[in-house]
Every structure is written in structure tokens, then in C-alpha cells.
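Here are the chains, one letter per residue:
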Amino acid sequence: MGYRETYQSWQDDPEAFWMKAAEAISWSKKPTKALNDANAPFYQWFSDGEMNTCYNAVDRHVEDGRGDQAAIIYDSPVTDTKRTLTYAELQEATARLGGALQAKGVAKGDRVIIYMPMVPEALVAMLACARIGAVHSVVFGGFAAHELAVRIDDATPKAIIAGSCGIEPGRIVPYKPLLDDAIEQSAHNPEFCVILQREECRADMTARDHDWNAFQQDAPHAAPVATKGDDPLYILYTSGTTGQPKGVLRPAGGHAVALHWTMSNIYDIKPGEVFWAASDVGWVVGHSYICYAPLIYGATTIVFEGKPVGTPDAGTFWRVISEHKAVALFTAPTAFRAIKRVDPDGSFIGNYDLSHFRTLFLAGERADPDTIEWAQARLGVPVIDHWWQTETGYTMVGNPMGLEPLPVKIGSPTVPMPGYRIEVLDEAGHPVPSGTLGTIAAKLPLPPGTLSGLWQAQDRFKKSYLTNFPGYYETGDAGMVDEDGYVYIMARTDDVINVAGHRLSTGAMEEVLAGLPDVAECAVIGVKDELKGQLPMGFLCLTDGITRPHADVVKDAIARVRQEIGPVAAFKLACVVDRLPKTRSGKILRATMAKIADGEAFKMPATIDDPAILDEMREALQTLGYAQN
Ligand code: COA
Ligand code: AMP
């Protein structure tokens, strides 16, 4: 069946469509129905079924004869390490860690925070939690102690599993002091921590800490614990409008069903093939396509620890694809922009045999035409943009390569996938004609595997996503649909920006800046950047009587955001201004500021280290009467 027939079959009978998809999952108790809408607009999927995600991702493949197949290939140019875990080894590892956690009292429904770099043990930890029905919450390593503390207080974990350090180009990032600081800052205290000691930087242990190896040495093996279809598998915090992140709740059953469906129909992968998502387990792409989907499907996943350029050169991606025979790569456009910048001709590509490589998938941020065309020309394979979010966990709009590759229109992630009725709405909530810009919304219910809510914040869930346009899920993105039904994603409608494919909240940065005694008022906007897509830029109005040099205030502001939110915020641009553009009612006109930054009056230079940027921006604002001389 091609795309149109498949989409139509879903529209005609969603219940039958998802019940059929659910047959690909091993249930300990089969669901009798797919959708449960008794509590609408809070929907449940497969809620009377029972299953275990780790069993589906690991054990059943061993039972089906894949025990000796590689489940995880770890490739870490930054530590010069390569290692393979077979499905049988992964089963043993998850059962042992799960057993050790159970022996320490971690039970179904308890939360466990995971704060780890890109090592296979991060996946083992996630799967071990899934195995015993504990709810994991992975926190990205680039977040600082304060962000971790906020998540500890919200998720109230019984345990935290962490690595002793992460490795960034030219520096080792000790995680343990950040973890200790976070626990110090948080009101909630986990009962214990499990620390994976890495040789690059061993952690000092406290009475609360257990060594990863010793902790599980004599542990009994845990059997998979049955979870209800709608029981949460994980909480993943993502940026919203404020400094309080949203804890996206992922229900277990629908997640397994939907992700399995995507592997063949969207990514065109066969069980046993190697699929590589070059992201981080701290993001949703890492959850869905480094960990769960490839494993639930019986494919091999690559855990890559490193950057696309620099260690050792701009050929790293091609080396990994070639050496491990990856048939598809999924990454953010920013990674390709980084490669293109240092190797514009793609001269490293020719050094590697990529004959088995079939498709490049891009997501996480807008895929700019230059990057798509560069990749198409250099790699000679289809370059497929697709659009989704932490909230949905998988593609809303894409090009279903396994069902039927559709013509690529550069600038569009293509068409809605089954499960999603995408509409573009005007402010009053009415659908607009094709070619007209508006808010992008998805008709409720969202399909299986999408968020069931926000952790302990169902009111916020309703207010953030379901209130402005009753009957719809509001995506937070604006765009349009063309006459062929192709969707175009143009911009966020809220205070979320996308930096190097990482979703960040300008509101959270403003909260940090507003806490500085020198700062009376501030605004942070996203400005265009050639490499990272967007960069945050701060505008500071000073408290009366501040006489310190502005450069010192700016330096402190930059340091504070790095310390509070983390290096991943990439907050390196800020300037002092007289006042901020506002509406009559006092609302800061961030959109106007962003337009100034991106408009004729002001052009972002290629490098962010150039101090002239700030002067130019200030000048641009000054001509509009906002900045001081
Ligand atoms: N732990 C600690 N620090 C981290 C980190 C981690 N896990 N990840 C990033 N950081 C740090 C970086 O070292 C950098 O610090 P710096 O300011 O001292 O240089 C800062 O956070 C910003 O990181 P980033 O924006 O990622 O920039 P980068 O220069 O390190 O790398 C790319 C740029 C494009 C190479 C990288 O972002 C990339 O490969 N992105 C594409 C893939 C991806 O991860 N997509 C996410 C969702 S699909
Ligand atoms: P995240 O939740 O981190 O995956 O970020 C989701 C947001 O990233 C979306 O709401 C979009 O704003 C943006 N995004 C993701 N994929 C795309 C894409 N293919 N094209 C344009 N924007 C995208």
C-alpha cells in the first residue's frame, strides 16, 4: 500500500489501523481496544493491554534467535573506544541492573533520573528501568546543576544513575560535582546514586553513592514487569515558556506500537540492519531512535560519543557509516552545517565505502535548503526532512520512505503521517486556505505514543496545548500547507528557540538574567546563526545607579546563564540597552526585536565571537529609538 491508501485506511478506521499495528508488539495481555476516550481530552491508548518495553526491545529478540546479533555498537572517537553489545549481553545487563535496583527498593512507578554521557550504559540504565516498570527521566549532560536540581524536585526520583564525566572537545566535564551540587540545591533527596566510573575522570564517592559494577555484582536478575498500556515509561523534560520545564509523559504501550511502525514505514529499515541516530540520549531523538525504536524493531543501534568534526576530522560521520554498515543516518541539520563549514567539498566522503548507505534523515530544527542540497549532491542519497517534537516522540509530518518515497520539496518535511490530521488555523481557530500562514495544530486525539500529559501538571498540559484551539493539540509551531498537502514549518509561536537542534527556552534565560542585581529588566530573543540555526541574544536594562562598565555586566550575565542553565544554552551574546520595545500594555515585543535582528537593518556576521555584532545590533535598535548611545 502506498502513502495515500495507508493514510486513508487510518482515516477510515483508526481503531483497526492501530490494533493491526499493535500486533507487532508482544503483549503479556493483549489489548481489546486501541483508543480509550472516556476521559477526553485526556486520551489513553491500549489501556487494558499489558506489556513490558524492555522485553519487547531485548528479550523477545533473544528468544527469536537474535541473541548473537549486535544490539548496540558503541563508537567513541573521543575516548578511542569501540565496543559491541549483543542482544544476549544486553538482556543480561538490563536484568542485572534491574535486579540490583529492585533489591534497593526501586519498584514499579518509582522515578529514576539518568544523567549520563553517550555510553552504552545509558541505554542499559533506561532499559533496566523499563524492565522493572520504573519511570526514567534522562537529563542531558550539557545542563548545569540548577537545571538538574529543578528536575530532581519535579520528578522526585528514588535513585539517580550517573556517569562520572562526559567528554567534550578539549575538555572533560566532571558530572559528579554537578550531581552533588544539584542534590544540594534540590529539596528532594534521592535515596541513593549509582555512579559509572570512567577512567577519564573518576568521581569522589559519598555514602549515598554506589559504584556501577559493585552495585550489581551479585544482584538477582529481574524478570520483565508487566506494565499497563498507558503506564508511563519515561518522563522527558523539555523547554517551555518559563524556567520550569515541561515533564512530557510517555505511555509505554502506544510508544512501542508507534515506534515499531515508524521503523519500516518511515525509515525503511529491516530487522538486523544498522540504524544510526547521531543525537544524544538526553533528547527525544535519542530516546526514540538511539534507544527504543531500533531495539524494539530488532535492528542494531549505534551509540556515538563525539562530534561530527574535529576528532579527528570532518570524515568521522562517513567513517562510522562505513565501518558499521549503517543504512540510514538521522541527525540535525546543524551537524551537516558543521561538516560543510570545514569540508565544503565533502572531500572526506570519497575515503569511505558508503555503498550500503540508503537515506539521510534530518529533524530537530528547520532544514535549510543549502544544507539539504549540499548533502544530496555529496552523498547521492535521498535527504529526508521530517518534523516532530518531544511531545509526540516521533514523526508528525514526514516522507514515508518505506511505504512510498514521495517527491521531496525542499523547505517542506512533506506530508502528515497516519495518526495526524494537521490543520493550519487562524487566530479564531478556523482552518485557513492552503498557502496561508497560521498556527499548526493537530486534530485530537493524537495517535498512540504521543504524550499522555505532563508529569503532575495536567492543568498545565491542558492550558499549554489544548485550550487555545479546542479539539486540537497546539504544536507551538506556525507554518502553512500547500496545494499538494505538503506542510511547511516556519517558526515557533512561543518563547522556544532552537540552538544546534537543541530546544531551549528564552524565558528560562530571562529568569536567570532577571535574578542579577544589576539587571532591572531584560529580554532574550533568538537570532539567526549560520552554524547553529539560532543563537540566544540578551538585552539588559540596568538597575538605576549601576556605574560598572557595561562589558563587566555582560560578562557576568553570560557566565550566570552558563552556570545556571549550562553550556548547551550557548548564551554568548548580550548587550545593555536603555529600554525594551513594548506594547502599550507593557508586553515586551520580542518578535519585533527578532525581526530587527534578522532584518535589513542588521545582519548577523558568520562568527559569534565578533564583538561588532553587539555594536551593530545596538545601532539597529538605536535607530528605532530603543538602545542607548
Ligand atoms: N555535556 C557537557 N557539555 C556539553 C554537552 C554535554 N553532553 N553537549 C554540549 N555541551 C557543550 C559544548 O561543549 C559547548 O560548550 P562550549 O560553549 O564550551 O563550546 C556547548 O555545550 C554548546 O554545545 P553545542 O551547541 O552542541 O555546540 P558544539 O560546538 O559543542 O557542537 C554541533 C555543535 C553542531 C557539532 C553539535 O551540536 C551537533 O553535533 N549537533 C547535531 C546533533 C544533535 O545533537 N542534535 C540534537 C537533536 S537531534
Ligand atoms: P524538540 O522537542 O526538541 O524535538 O523540538 C521540537 C521543535 O523543533 C519543533 O516544535 C519545531 O519548532 C522544531 N523542529 C523539529 N523538527 C523540525 C523540522 N523538520 N523543521 C522545522 N522545525 C523543526
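Residues numbered from 1 in each chain as written. Chains lettered and ligands numbered in written order. Predicted model: local features only at pLDDT ≥ 70, side-chain atom pairs only at ≥ 80, totals over all residues. Heavy atoms only, no water.

### A closer look at the confidence of the model for the chain
Of the residues in the chain, 95% have a pLDDT of 70 or more, and the chain-wide mean is 94. For the chain, the element scoring lowest by mean pLDDT is helix 18 (residues 612-623), at 60; helix 5 (residues 120-132) scores highest, at 99. Of the regions scoring below 50 in pLDDT, residues 604-608 engages in 15 contacts with residues more than four places distant in sequence or in other chains. (pLDDT = per-residue confidence, 0-100. Helix = DSSP H or I, 4+ residues; strand = E, 2+ residues; numbered from the N terminus. Contact = heavy atoms within 4.5 Å.)

### So, the side chain of Asp75
Among the secondary structure elements, Asp75 is positioned in strand 5 (residues 70-76). Classification of Asp75 as buried rests on a relative accessible area of 0%. Polar contacts involving the side chain of Asp75 include one to the side chain of His324, which spans 2.7 Å. Setting aside anything within four residues of it in sequence, one finds Asp75 in contact with Thr81, Lys82, Val303, Phe304, Glu305, Arg319, Val320 and His324. (Buried < 20%, exposed > 50% of the residue type's maximum accessible area, 1.4 Å probe, protein only. Polar contact = N/O pair within 3.5 Å; in protein donor to acceptor, adjacent residues only side chain to side chain.)

### Points about the environment of Pro312
For Pro312, the position within the fold is in the loop between strand 18 (300-304) and helix 11 (316-324). In this structure Pro312 comes out as exposed when scored by relative accessible area, which is 66%.

### Focus: the site of ligand 1
Of all residues adjacent to ligand 1, which total 24 residues, the nearest are Glu168, Lys307, Lys532, Arg562 and Lys572. Interatomic distance of 3.4 Å between a backbone N/O atom of Gly142 and a nitrogen atom of ligand 1. A distance of 3.2 Å separates an oxygen atom of ligand 1 from a polar atom in the side chain of Arg171. Bound to the protein, ligand 1 loses 85% of the 940 Å² it would expose on its own. Breaking the shell around ligand 1 down by element, the ones donating at least two residues are strand 11 (171-174) and helix 12 (333-342). Looking at the shell around ligand 1 residue by residue, the class counts come to eleven nonpolar, seven polar and six charged. (Near = heavy atom within 4 Å. Areas by Shrake-Rupley, 256 points an atom, 1.4 Å probe, with all protein chains shown as cover. Nonpolar A, V, L, I, M, F, W, Y, C, P; charged D, E, K, R; others polar.)

### Some details on unusual backbone geometry
What is expected of a backbone is that most residues other than glycine have negative phi and most peptide bonds are trans. Here Ala40 and Pro41 are connected by a cis peptide whose omega angle stands at 10 degrees. Tracing the backbone through its elements, the reader meets Pro41 in the loop between strand 2 (35-36) and strand 3 (44-45). The linkage connecting Leu444 with the following residue, Pro445, adopts the cis geometry, with an omega of 0 degrees. Inspection of the secondary structure assignment puts Pro445 in the loop between strand 25 (438-443) and strand 26 (453-454). Non-glycine residue Asp268 carries a positive phi angle of around 60 degrees. Relative to the elements of secondary structure, Asp268 occurs in the loop between helix 9 (252-265) and strand 17 (274-277).

### Here's the deal with the site of ligand 2
Surrounding ligand 2, one finds 15 residues, the nearest of these being His386, Thr390, Asp477, Arg492 and Arg503. Note that an oxygen atom of ligand 2 is positioned 2.6 Å from one of the side-chain N or O atoms of Asp477. For ligand 2, whose accessible area on its own is 490 Å², the fraction buried by protein is 93%. Looking at the shell around ligand 2 residue by residue, the class counts come to four nonpolar, five polar and six charged.

### Description of the state of the cysteines
This structure, assessed with the given rule, holds zero disulfides. Not part of a disulfide, Cys129 finds its nearest cysteine sulfur in Cys54, a span of 10.0 Å. Take Cys129: its relative accessible area is 0%, and that puts it in the buried class. Between Cys522, a cysteine without a disulfide, and Cys541, which holds the nearest cysteine sulfur, the sulfur-to-sulfur distance is 8.3 Å. Accessibility expressed as a relative area gives 7% for Cys522, which makes it buried. (Disulfide = S-S within 2.5 Å.)

### Looking at the environment of Pro31
Counting through the fold element by element, Pro31 comes out in the loop between strand 1 (27-29) and strand 2. Owing to a relative accessible area of 10%, Pro31 belongs among the buried residues under this scheme. The spacing of Pro31 and Phe348 is 317 residues in sequence and 50 Å in space, taken between C-alpha atoms.

### Regarding the pattern of salt bridges
Following the criterion strictly, the structure yields 27 salt bridges and no others. With a closest N to O distance of 2.9 Å, Glu305 and Arg198 form a salt bridge. Placement of the pair is Glu305 in the loop between strand 18 and helix 11 and Arg198 in the loop between strand 12 (192-196) and strand 13 (209-211), with a sequence separation of 107 residues. For the residue pair Glu305 and Arg198, the accessibility class agrees, reading buried in each case. Between Arg503 and Glu391 there is a salt bridge, with the nearest N and O atoms lying 2.9 Å from each other. Pair noted here: Arg503 is in strand 30 (residues 502-505) and Glu391 is in the loop between strand 21 (383-385) and strand 22 (397-398), with a separation of 112 residues, a long-range link. Residue classification places Arg503 among the buried residues on the basis of a relative accessible area of 12%. Where salt bridges share partners, they join Asp75, Lys82, Arg319 and Glu323 into one cluster. (Salt bridge = Lys/Arg side-chain N within 4 Å of Asp/Glu carboxyl O.)

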